[in-house]
Amino acid sequence: MTLIEGTKLGSFEIRSLIGVGGMGEVYRASDPKIGRDVAIKVLPADFSADKERVARFEQEAQAAGALNHPNIIAVYDVDTQDDVLYVVSELLDGEELRERLDQGSIPLRKVTEYAQQIVSGLSAAHEKGIVHRDLKPENLFVTKDERVKILDFGLAKLRETSTNIHGSEDATRRAMTDPGVVMGTVGYMSPEQVRGSSTDHRSDIFSFGLILYEMITGRRAFQEESLAETMSAIVKEEPPEMTESNPNISPSLERIVRRCLEKKPERRFQSTHDLGFALESLSTPTSSSGSNMTAAVSAIGPDTDRSPWKARIPWIAAGLSTLILISFGAWVLLRPGSAPPPFVSLDVAGPQGWTTRPTSALSPDGSRLAFTAEQEKGKPRLWLRILATGETQMVADSEGAVGPFWSPDGAEIAYFTNDRLRAVNLATGRTRVICDVTGQRKAGTWNSSGVIVFATEGGVPLKRVNADGRSLPSDLPQKEGYRPFFLPDGRHFLFGHSQLGGISVGNLESAEIKEIRADGAEPKYSDGYLFFNSPDGLMAQAFNPESFRLSGEPIKIAEICCLNTYTGTNFSVAANGLIAFRRQIVEQREIAWYSRDGTRTAVGEPGLWNNPLLSPDDSMIA
């Protein structure tokens, strides 16, 4: 049914036909109430016949309309007139992404720009529980000012039956009657959609990966001669190498595409938040050098407020061997009456054949993780992982490295060896000695003025040294200190103040010490919160870094075990709320007596027992 000029749908008056697609006709219309032109999509009559499906669609379209995101088309109204279901939205000026792709591949700079915008829109929708399910170039619109808009949120719901299992089959059956829809829809389905399995937001991530592939190469990832062959390829085959069509693609971008196109949903990016995080790293300036170490990029650039990762702050977990990464949205979690955001697990493998040690440190912007690992007992080396891409590389000349910590600008990593404090410049790969050190348990912190405060072992004063090594270390006035951490002013620092626990604030310029907690260990600060370790777990509590006052109750971030004020869990925090820590796994032990005939008698309950000692008369155990 084609509407003629002057036809009214509700208060809207049809002006002209804009286009016709598989999901209906689109018209330019006027809105007399506001005096603006709008776009009206009139959906096929068979969609309007099923009232339950229409109700679901209206609910989803209204939710999408409420998103109010710059990369999602604005939906003004959804209604039915004379059994005609229509959607009123903003009128866009530009062209579909399909028209751009029909001209060939898109310049890589534009690819990254478009990809970030698409993911930003998807993130906003997924956060509201809205999944597109039909993402393809025909549903992406590029305006004349180069803004990408996602179209038709919720329309894929109309293709589903009430069981929500055969939705992709419905789409396929419809596609079979219209060859123009076959390759446009089936060619952008995820494997789970092709199989008719249940889908979630990760299906959109697969479809996005197909679009990203096509933008880079100028050709579709899966385009066979028949519908059945295309569907089979999506499920079983890998697309051709992108470098065959575009040799200029960076390895980082290629890895992002490959991860989006993993056949199993659990192997893809687990949210559009961390997908956006990875894409942002591509546009952040990096230093250049012949060493692969220069691949260390900042995943959150100077404009962090625009980052979908920063703005929405999900909980995201990743395991690096036994290292755990989580993003802690403190303002979300600790705000009264709010529910904890979802926890999504990611699998991140450590270096093969190496055992990670407890110490690790996130870069200030949260884009990189420095950690230590060893192949041979007692000979750890320093490693660097770029979180956005998964690249991991060992730092040269770092044998014996322990206790890594970052310079404030993220350009250098400082670390201890048996007898020295060293720093490696990531741009040049060069390592330098800052000063000599003694002691076994080492930890440090570095401020923006180039002052390093470090601890070498319990029971001795903290020490300080200039990062350039020009001055010798000198004891600070504190009697003893553990694991220092600079506050934002660069003058005051947190530290553990006794072997039995407790947290204080020290001062570079005076002997003033302020105790802020009588318990806890490994204090660190980020974005208004004190993070610390305790027997109850890894905790966070609201903290004012100017008045040094805590407020509210501590909130547990993660379970830990075997708290020790010397070694602890060695967790680290970044300015964007990311936390890295190593959960130590220790099996409980049981103390038992054994008689000469082999009879075994347990003593007490199993626990974290160590180093039992017998009394002189062999009647008691300590």
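Everything quoted here is computed from the prediction, not taken from an experiment.

Bringing the overall build of the chain into the picture now. Within the chain, the regular secondary structure consists of 13 helices and 36 strands. Residue pairs in contact within the chain that sit at least 24 positions apart in sequence constitute 50% of those at least 6 positions apart. A total accessible area of about 28600 Å² is found for the chain, and carbon and sulfur atoms account for 48% of it.

Attention shifts here to the packing of helix α8 (residues 201-217) against helix α10 (residues 251-260). Contact geometry of α8 with α10 gives a least axis separation of 8 Å together with a crossing angle of 140°. Overall, the two elements α8 and α10 adopt an arrangement that is oblique. In this structure, the crossing between α8 and α10 has a hand that is left-handed. From α8, Ile205, Phe206, Phe208, Gly209, Leu212, Tyr213 and Ile216 reach across to α10, where they touch Leu253, Ile256, Val257 and Cys260.

Backbone hydrogen bonds are what pair the strands of a sheet, in a parallel or an antiparallel way. As summarised here, the arrangement of the 3 strands in space is β7-β8-β9, forming an open sheet in which the pairing is antiparallel. What marks the edges here is a single partner per strand, and that holds for β7 (94-96) and β9 (148-150). Ignoring strand direction, the axes of neighbouring strands in this sheet form an average angle of 25°. Sheet topology note: the β7/strand β8 (residues 140-143) ladder contains 3 bridges and is antiparallel. Within β8, the residue paired with Glu96 across the bridge is Phe141. Against the sheet, helix α4 (residues 108-127) touches β8 and β9, its axis set at about 35° to β9.

All right, on to the side chain of Thr372 then. Locating Thr372 in the fold gives a position in strand β14 (residues 368-374). In this structure Thr372 comes out as buried when scored by relative accessible area, which is 0%. Not counting residues within four places of it along the chain, the set of residues in contact with Thr372 comprises Thr355, Thr356, Arg357, Thr359, Pro380, Arg381, Leu382, Ala401, Val402 and Pro404.

Before going further, it helps to examine the packing of aromatic side chains. With the rule as written, the count across this model stands at 7 aromatic pairs. Ring geometry for Phe416 and Phe454: centres 5.9 Å apart, planes at 55°, overall tilted. Separated by 38 residues along the polypeptide, Phe416 in strand β18 (residues 412-416) and Phe454 in strand β22 (residues 451-455) bring together distant segments of the chain. This pair shows no difference in class: Phe416 is buried, exactly as Phe454 is. With centroids separated by 6.0 Å and ring planes inclined at 70°, the aromatic side chains of Tyr525 and Phe543 adopt a geometry described as edge-to-face. Pair noted here: Tyr525 is in strand β29 (residues 521-526) and Phe543 is in strand β31 (residues 537-544), with a separation of 18 residues, a long-range link. Considered together, Tyr525 and Phe543 belong to a single accessibility category, that of buried residues.

A few words on the sheet that holds strand β20 (residues 431-436). With antiparallel pairing, the 4 strands of this open sheet are ordered in space as β17-β18-β19-β20. Lying at the two open borders of the sheet, with one neighbouring strand each, are β17 (402-406) and β20. The sheet shows a mean angle of 25° between the axes of neighbouring strands, direction not considered. As paired strands, β17 and β18 are joined by 3 bridges and run antiparallel to one another.

Right, let's talk about the environment of Lys136 for a bit. Tracing the chain through its elements places Lys136 in the loop between α4 and β8. Take Lys136: its relative accessible area is 10%, and that puts it in the buried class. Note: C-alpha distance between Lys136 and Gly187 (51 residues apart in sequence) is 8.7 Å.

Moving on: α8. The end-to-end C-alpha distance of α8 is 25 Å, a good match for the 24 Å that 17 residues give at a rise of 1.5 Å each. Counting buried residues in α8 gives 16 out of 17 residues, a clear majority hidden from the surface. The positive-phi residue at the C-terminal boundary of α8 is Gly218, with phi of around 80°.

Each value, and the rule that gives it
- Residues numbered from 1 in each chain as written.
- Predicted model: local features only at pLDDT ≥ 70, side-chain atom pairs only at ≥ 80, totals over all residues.
- Heavy atoms only, no water.
- Helix = DSSP H or I, 4+ residues; strand = E, 2+ residues; numbered from the N terminus.
- Contact = heavy atoms within 4.5 Å.
- Areas by Shrake-Rupley, 256 points an atom, 1.4 Å probe, with all protein chains shown as cover.
- Axes fitted to C-alpha atoms, helices over the stretch in contact; angles between N-to-C directions.
- Parallel < 35°, antiparallel > 145°, perpendicular 65-115°, else oblique.
- Left-handed = near helix turned anticlockwise from the far one by under 90°.
- Pairing = 2+ DSSP bridges.
- Buried < 20%, exposed > 50% of the residue type's maximum accessible area, 1.4 Å probe, protein only.
- Phe/Tyr/Trp six-rings, centres within 6.5 Å; stacked < 30°, edge-to-face > 60°.
- Expected span 1.5 Å × (residues − 1).

Coordinates in, geometry out; function isn't part of it.
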